[in-house]
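Each chain, written out:
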Amino acid sequence: MEVEKTSIDGLLILHPKVFEDNRGCFFESYNENVFRQLGIDVTFVQENQSISAKNVVRGLHLQAPPFAQGKLVRVAKGAALDFAVDIRKNSPTYGKYVAAYLSEKNYTQFWIPEGFAHGFVAQEDDTVFVYKTTNFYDKSSEMAIRWDDPTLNIDWQVKTPIVSEKDASNPSFADFVSPF
């Protein structure tokens, strides 16, 4: 597995080794031993999947402690632009973000540890987004930041976003109180 370090400590873009032939392809999306060697020594307890139409924006979401989650995300079908925002109060990159392009064709994965808000925009219809988490979902620990917050200035690269009512009413980054 090839590891691409990002401008924010802890966020990793992962490129698995893909074996292709005339039948198709094979790759390991997760191998505990390999991930431990990469410094990602976690236990995944839940796997989730969403299917989104083109231009659907989901985010920016997180779980507060004690249900904070690390996430290993990828796209099984379609394509998405994925974002992780550093919300660790004492981090030199607090309020900064990293974007990763994930698609069924590039097999890229994004490791997002605890302490980050997460969101993505589907760039194709029927985009299947898959993510493993290091903790179980807990509704009372759910938190979010407004996806189009001007302080964060995220370039979602979408002209006509489709956003849920819930995500459209999330608090601004200025009003967000980080639990990290």
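Our subject is the structure listed above.
Let us look at the structure shown here. Only a predicted model underlies this, so the values are computations on that prediction, with no experimental measurement involved.

## Observations regarding the environment of Glu-32
Turning to step 1, where the next piece is worked out: Relative to the assigned elements, Glu-32 resides in helix 1 (residues 32-37).
Turning to step 2, where the next piece is worked out: Residue classification places Glu-32 among the partly exposed positions, given a relative accessible area of 37%.
Turning to step 3, where the next piece is worked out: A polar side-chain atom of Glu-32 sits 2.6 Å from a polar atom in the side chain of Arg-36.

## Some points on the pairing of strand 4 (residues 24-27)
Turning to step 1, where the next piece is worked out: As judged from the four bridges shared by strand 3 (residues 18-21) and strand 4, these two strands associate in the antiparallel manner. Opposite Asp-21, over in strand 4, you have Gly-24 as the bridge partner.
Turning to step 2, where the next piece is worked out: Turn length for the strand 3-strand 4 hairpin, with the two strands adjacent in sequence and antiparallel, is two residues.

## Notes on the nonpolar core
Turning to step 1, where the next piece is worked out: Counting 17 residues, the largest nonpolar core has Leu-60, Ile-87, Ile-145 and Trp-156 as the members making the most contacts within it.
Turning to step 2, where the next piece is worked out: Contributing elements (two or more residues each) for this core: strand 6 (56-63), strand 8 (79-86) and strand 11 (116-122).
Turning to step 3, where the next piece is worked out: Leave out the neighbours within four places in its chain, and Trp-156 touches Val-57, Leu-60, Leu-81, Phe-83, Gly-119, Phe-120, Val-121 and Trp-147.
Turning to step 4, where the next piece is worked out: One finds Leu-11, Ile-112, Phe-116 and Phe-120 within the second-largest nonpolar core, a separate group that totals 15 residues.

Reading the values: rules and limits
- Residues numbered from 1 in each chain as written.
- Predicted model: local features only at pLDDT ≥ 70, side-chain atom pairs only at ≥ 80, totals over all residues.
- Heavy atoms only, no water.
- Helix = DSSP H or I, 4+ residues; strand = E, 2+ residues; numbered from the N terminus.
- Buried < 20%, exposed > 50% of the residue type's maximum accessible area, 1.4 Å probe, protein only.
- Polar contact = N/O pair within 3.5 Å; in protein donor to acceptor, adjacent residues only side chain to side chain.
- Pairing = 2+ DSSP bridges.
- Core = buried A, V, L, I, M, F, W, Y, C linked by side-chain atoms within 4.5 Å.
- Contact = heavy atoms within 4.5 Å.

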